[in-house]
Structure formats: structure tokens, C-alpha cells
Amino acid sequence: MNQEKLYNDIIDNFQKLKYALLDAQTFSQEHYGFPPIYYKIMETDEVRVNAYKRTFAHFNNLKGKVVCEAGVGTLALTKHFLPYVKKAYLIENNPDLTDFIKAELKKNGWEDKVELIIGDAMKVKLPEKVDFVIGELMSIYCANEYQVQIFKHLRKFLKPDGKLIPEKIINTVQLGNALFEEGHTHYPILFTRHWPELLSSQEVLNTIDLYKASRFNIKKTTTLKAHLSGTANCIYMNSLVQLTEGINFTGTDSLMPPTVKLLEKPVDLKMGTRVKLHSNFTYGTNLDMAKFYL
Ligand SMILES: C[S@@+](CC[C@H](N)C(=O)[O-])C[C@H]1O[C@@H](n2cnc3c(N)ncnc32)[C@H](O)[C@@H]1O
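Remember, it's a predicted structure, so these values are computed and weren't measured experimentally.

Outline the overall build of the protein, supporting the account with residue identities and numerical values.
Scanning the protein from N- to C-terminus turns up six helices and 15 strands. What you see for the protein is a C-alpha radius of gyration of 20 Å, in line with the 19 Å of a compact globule of 294 residues. Structurally, the protein occupies a C-alpha span of about 65 × 50 × 35 Å along its principal axes. The long-range share in the protein, meaning contacts at least 24 apart out of those at least 6 apart in sequence, stands at 76%. Carbon and sulfur atoms make up 51% of the accessible area of the protein, which totals about 14600 Å². A distance of 8 Å separates the average location of the 37 positive side-chain charges in the protein from that of its 33 negative side-chain charges.

In C-alpha cells form, the structure reads like this:
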């Protein structure tokens, strides 16, 4: 297919695809987790996978180490460290993936050094302390997935000088105005034309230190400056992830995409003034339940 035709087809479907990413990334009981298309989106995202590959390379590919990875999915990250480690505890709770994971481990001769645990990473007990806990179970602000809860549990099994990958998440916020179709309170941005009109400064809402985080409900007040006059009806959310110091992942369509969330009620902003944004959300719940208001 030539490029012009391909782009033409996308243009014809921009509007229809506004919520496609939201549907692909939404947890479904039917699949005990994510639908197959989401694994394809994640596997093909070089920006996301390369950030992890650079982190593994920074730690000498985890050579000779004992590692635990939660939420291995289709092994998109795992396969880059598994050839080098001494032992790996791999956890995944989507039973639809069991056959695929087992076949990959067998095909590559990794079975002997892997303990595969099909179950909930928040309930797993490891028989030994590990050098690394790895987990990419991230959603914007950690609002939908259990990254914070899982790392709080698994860090109990980390050696005193062990490392978490990732280790820190900085959530930023900006005020804007966007069009929401009936029934929608948030959407991840797939195409830039669905960005909101951005009205304010961008500020840090909160920072998650995964070595220490123990509270899951976040109540914060953030002061933002209106750069433009206009009606704010939404926040524009970004999550900046530090995999290890100096190696970052700041969101793409496959993971933690910048996301637009409706304010409880719209408020008129006057250029140059400061406003207070109140936030109340809980990690590992659902962004629909999160509340943001001025
Ligand atoms: C965002 S995907 C990432 C998959 C893979 N790590 C990758 O980077 O391509 C998160 C994975 O974690 C799994 N997962 C979510 N919650 C889990 C839990 N509590 N215990 C174990 N696995 C979980 C999901 O089924 C999914 O496969």
C-alpha cells in the first residue's frame, strides 16, 4: 500500500479512532486482562521496548542476577534479559497467555532457570530475595493498573542493594478544553488533533517513589497559572517514568499515553491568574472514578 493511500485511509478514520486506544487498553473480563491487540501495540513500540533494553544494558544485562518480573505479557521485555540472568521468577495473571509463554520458554531453552507463576503478583511469595524487580504494569497516573500495589508487595523480596525497574513516576497536569462525546470522561491521545486546547502551565501533581510508596489514595491541591483565557473543562495528564536515573520513558500510544480527563465542572480562566486544582484518585481503580475540580 503506498504511503499516500495509507495516510488517506487514516484521515478518513481519525474521528472513528478517537477512542480506539481507550478500547484496546481497557481491562476486559472476557480476556482476563487486555485484548490481544494491546499486546501487539506494546510489542511493536520501539520507544517503549528500547527504554527497557537500555536499562538492562546499563545493568550489564542483569548477567548472573536473580530477577522477578511481574506482568510479563508476551515476554516483550523479558526476552531481552532472560538469556543472561541466573534465575527468573516470571509472573502473569492472564491465563490466555500461558501456552504462549511456555512455548517461548521451551523454544529458547530458558525453562530450567525460569519459575513461571500464573497468578496475581500481589499475592506471590518468592522463595528467595532477588536482585531486580521489574514490572511494566503502568497506566497513566497508575490510576488503572496495580503498579504501585504490586511493587509495594514485591519490594519485600528485594535484596538490600536490589533495584526496582522502574523506580519513579512523576505525574504532571495542565488545564485545557476538549470535546468529549456522550458517555466518555477520559481518553488517551492517539492523534494530536484530539489534544485539548491547552490553557495553563504544566505542573507536577505528584511523584511516586516506588521504593517507598505505601498509600494508594492521592488527594492533592496543585496551583496552575492560566497562560490563556478560556473555559477549562479537562486536565491533560502525563506520566514521566524514570526506569533508572538517566533512562526514562515519558509515554507513547502504547503505554501511559498523554490522557485527557473531564473536570467535575467547567471553569472560566482569566489569562495571567492562578487557580487551584483539587485531585482525588486511587491507584489501581479506574480513571472514570477519579475526581479533578477547580
Ligand atoms: C501493560 S502489560 C505489559 C506486558 C509486558 N510486560 C510488556 O511490557 O509487553 C501488563 C501485563 O501485566 C499483567 N498483569 C496485570 N495485573 C497483574 C497482576 N496483578 N499480577 C500479574 N500480572 C498482572 C497483564 O495481564 C498484562 O499482561
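Now that the structure is up, let's keep going.
Go over the site of the ligand, please, and point to the residues and values.
Inspection of the region around the ligand gives 20 residues, with Tyr 39, Arg 48, Gly 71, Glu 92 and Ala 121 positioned closest. Residue Arg 48 places a side-chain N or O atom 2.6 Å away from an oxygen atom belonging to the ligand. At 2.7 Å, a backbone N or O of Gly 71 approaches a nitrogen atom of the ligand. Protein contact buries 96% of the 590 Å² of open area that the ligand shows by itself. Considered class by class, the residues forming the shell around the ligand number nine nonpolar, five polar and six charged.

Describe the side chain of Arg 155, listing the residues and the values that go with them.
For Arg 155, the location among the structural elements is in the loop between α6 (147–154) and β5 (158–165). The side chain of Arg 155 is buried and forms no salt bridge, while Asp 209, the nearest opposite charge, is found at 6.8 Å. Ignoring anything within four residues of it in the chain, the contact list for Arg 155 reads Leu 164, Leu 210, Tyr 211, Lys 212, Ala 213 and Ser 214.

How would you summarise the pattern of salt bridges if you had to cite specific residues and measurements?
The final tally for this structure, using the stated rule, is six salt bridges. A salt bridge links Lys 5 to Asp 9, with the shortest nitrogen-to-oxygen separation between them at 2.9 Å. Taken as a pair, Lys 5 and Asp 9 lie in helix α1 (residues 3–13) at a separation of four residues, close to a single helical turn.

Any chance you could break down the side chain of Thr 259 for me, citing the residues and the numbers?
By the element assignment, Thr 259 lies in strand β13 (residues 259–269). Residue classification places Thr 259 among the buried positions, given a relative accessible area of 3%. From its side chain, Thr 259 meets the backbone oxygen of Pro 257 in a polar contact 2.7 Å long. Beyond its immediate chain neighbours, meaning those up to four positions away, Thr 259 contacts Ile 140, His 186, Tyr 187, Pro 188, Ile 235, Tyr 236, Met 237 and Leu 287.

Which residues make up the sheet that holds strand β10 (residues 217–225), and what values do they have?
As summarised here, the arrangement of the three strands in space is β10-β14-β15, forming an open sheet in which the pairing is antiparallel. Edge positions in the sheet fall to β10 and β15 (291–293), since each of these pairs with one other strand and no more. Within this sheet the neighbouring strands show an average axis-to-axis angle of 15 degrees, counted without direction.

Please give an account of the domain arrangement of the protein that cites residues and values.
Assigned domains of the protein: these are domain 1 (20–165) and domain 2 (168–293). Using only C-alpha atoms to locate each centre, domain 1 and domain 2 end up separated by 26 Å. Taken together, the contact pairs 37 residues of domain 1 with 41 residues of domain 2. Buried area between domain 1 and domain 2, both sides added, is near 3300 Å², and the carbon and sulfur share of it is 67%. When residues of domain 1 are sorted by the area they lose upon contact with domain 2, Leu 22, Ile 140 and Tyr 141 head the list and together hold 25% of the total. Inspection of the region where domain 1 meets domain 2 yields zero salt bridges. Our enumeration of links across domain 1 and domain 2 arrives at 16 residue pairs in polar contact (both at pLDDT 80 or more). Residue contributions to the side of domain 1 that touches domain 2 peak at seven residues, all from helix α4 (residues 46–58). The residue inventory of the side of domain 1 that touches domain 2, partitioned by class, reads 21 nonpolar, eight polar and eight charged.

Describe the sheet that holds strand β2 (residues 87–92), and please don't skip the residues or the numbers.
A sheet is described by the order of its strands in space; here five strands give the open sequence β3-β2-β1-β4-β5, paired in parallel fashion. The outermost strands of the open sheet, each flanked by one partner alone, are β3 (114–118) and β5. Averaged over neighbouring strand pairs, the angle between their axes works out to 15 degrees when direction is ignored. Bridge analysis of strand β1 (residues 66–70) against strand β4 (residues 130–135) gives four bridges, and the strand direction is parallel. Looking at the pairing, Glu 69 lines up with Ile 134 of β4. Helix-sheet contacts for α6 involve β1, β2, β4 and β5, and the interaxial angle to β4 is about 170 degrees.

Rules of the game
Residues numbered from 1 in each chain as written. Predicted model: local features only at pLDDT ≥ 70, side-chain atom pairs only at ≥ 80, totals over all residues. Heavy atoms only, no water. Helix = DSSP H or I, 4+ residues; strand = E, 2+ residues; numbered from the N terminus. Rg over C-alpha atoms; globule rule 2.2 N^0.38 Å. Contact = heavy atoms within 4.5 Å. Areas by Shrake-Rupley, 256 points an atom, 1.4 Å probe, with all protein chains shown as cover. Lys, Arg positive; Asp, Glu negative; His and termini not counted. Charge placed at Lys NZ, Arg CZ, Asp CG, Glu CD. Near = heavy atom within 4 Å. Polar contact = N/O pair within 3.5 Å; in protein donor to acceptor, adjacent residues only side chain to side chain. Nonpolar A, V, L, I, M, F, W, Y, C, P; charged D, E, K, R; others polar. Buried < 20%, exposed > 50% of the residue type's maximum accessible area, 1.4 Å probe, protein only. Salt bridge = Lys/Arg side-chain N within 4 Å of Asp/Glu carboxyl O. Pairing = 2+ DSSP bridges. Axes fitted to C-alpha atoms, helices over the stretch in contact; angles between N-to-C directions. Domains from an automatic or database assignment. Buried area = accessible area lost by both parts, 1.4 Å probe.

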